[in-house]
Amino acid sequence: MKIALIGFGSVGRGKSGIISAGGIDMRAVLDRKKATGMCGTPGISAWDVITTADYDLLIEVTPTDATTGEPALTYIREALAAGRHVVTSNKGPIAVAFHELSRLAAEKNVQLRYEATVCGAVPIMKALEHGLAGNEIIKISGVFNGTCNYILTRMADEGLTYQQALMEARELGYAEADPTYDVQGIDAAIKLVILANTVWGLSTTLDDVDITGIDSLTLAALELADGQECTIRLIGEIIPKKNILRISPRIMPKNHPLVVSGTLNAVMVDTDMAGEVTLIGKGAGSRETASAIISDVLFIRDYHVKRS
Ligand code: HSE
């Protein structure tokens, strides 16, 4: 299976492309990027790679634009329309145009997979699609943003102020390029939209999510919770039958399964047969995101081999 990769860096810093029928020497590309900041041949753009290279699968890992989904949306649309499978870690296009892209993939008999968009390395999509197949999914709740969880953990455990904890999270590279996406609950809300549309076939957008972030949370509120053997977590919840789609800081007992520490994410799925199933793991980081992408690529490889 031939793979085209768009985005090459912590998130897609490459400004040039490479097309090579004989394969690409990744070590040489990494060395060149380190030395020059560029990974490919000047004059060859991402668009050239998508439209002129010979490939079966596009891995799209460029930066996210939550409002328009672009330019990734155009890249993904083009690849699917040309009958190529797509794996993406990009939340924007999936949140903005999930139904359109899914229809296109089905029409062209190719796969669109996006495990990495929700909770990084946690295989929530595959758990819902395969592991819990046949169950009615009643509710999904969880901690969907590692940056907020890190901030809340550091404030509660070390008495840091919100600003100090946020600065730490930024220094550690967990936060989005614009951390207001994290702390205002927008990043977590995008993940809820992706889950709601995938699991229940809804047509929700970011505007449908009732969002409260952690940006005005005080140390005093955390101390108050602590006095009652509780703490505060930014919790996302989807309960379609009750029309609930919300992100909000919640007071939680310290021993609740969703009270995870640091940058961990946690997702609890409430089902009719399996009861409650909770998955906990790393929701951000380049290796963790790569884990989700590789699992999607291997899934598609099997599908591709069976199809051919
Ligand atoms: N900024 C996000 C987080 C990264 O902190 O969870 C993963 O989407």
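Residues numbered from 1 in each chain as written. Predicted model: local features only at pLDDT ≥ 70, side-chain atom pairs only at ≥ 80, totals over all residues. Heavy atoms only, no water.

A. Representation of the site of the ligand within the structure. If you check the shell around the ligand, you find Lys91, Asn145, Gly146, Thr147, Tyr174, Glu176, Asp182, Asp187, Lys191, Gly283 and Ala284 and nothing else. In the model, an oxygen atom of the ligand is placed 2.8 Å from a nitrogen or oxygen of the Gly146 main chain. Within the contact set of the ligand, a nitrogen atom lies 2.7 Å away from a side-chain nitrogen or oxygen of Asp182. Here the ligand, which alone exposes 260 Å², has 90% of that area covered by the protein. Elements represented by at least two residues in the shell around the ligand include exactly helix 6 (146-158) and helix 9 (186-200). A breakdown of the residues in the shell around the ligand according to their chemical character gives two nonpolar, four polar and five charged. (Near = heavy atom within 4 Å. Polar contact = N/O pair within 3.5 Å; in protein donor to acceptor, adjacent residues only side chain to side chain. Areas by Shrake-Rupley, 256 points an atom, 1.4 Å probe, with all protein chains shown as cover. Helix = DSSP H or I, 4+ residues; strand = E, 2+ residues; numbered from the N terminus. Nonpolar A, V, L, I, M, F, W, Y, C, P; charged D, E, K, R; others polar.)

B. Molecular detail of helix 6. The terminal C-alpha atoms of helix 6 lie 17 Å apart, and with 13 residues this matches the ideal 18 Å at 1.5 Å per residue to within 8%. Taken together, the buried positions of helix 6 are Gly146, Thr147, Cys148, Asn149, Tyr150, Ile151, Leu152, Thr153 and Met155. Those residues of helix 6 that are buried lie in contact with strand 5 (137-143), helix 7 (162-171), helix 8 (180-183), helix 10 (219-226), strand 7 (230-239) and strand 9 (264-271). Put simply, Asn145 is the residue that caps the front of helix 6, since its side-chain oxygen is 3.1 Å from the backbone nitrogen of Thr147. Remark: Gly159 follows helix 6 within two positions and exhibits a positive phi of approximately 70°. (Expected span 1.5 Å × (residues − 1). Buried < 20%, exposed > 50% of the residue type's maximum accessible area, 1.4 Å probe, protein only. Contact = heavy atoms within 4.5 Å.)

C. Up close: the sheet that holds strand 4 (residues 112-113). Sheet architecture is open: four strands sit in the order 1-2-3-4, paired in parallel fashion. A single partner strand is all that each edge strand has here, and the edge strands are strand 1 (3-6) and strand 4. Pairing analysis gives two bridges linking strand 3 (residues 85-88) to strand 4, with the strands arranged parallel. Within the sheet, the bridge partner assigned to Val87 lies in strand 4 and is Arg113. In this fold helix 11 (residues 286-307) packs onto strand 1, strand 2 (57-60), strand 3 and strand 4, with an angle of close to 170° to the strand it touches most, strand 3. (Pairing = 2+ DSSP bridges. Axes fitted to C-alpha atoms, helices over the stretch in contact; angles between N-to-C directions.)

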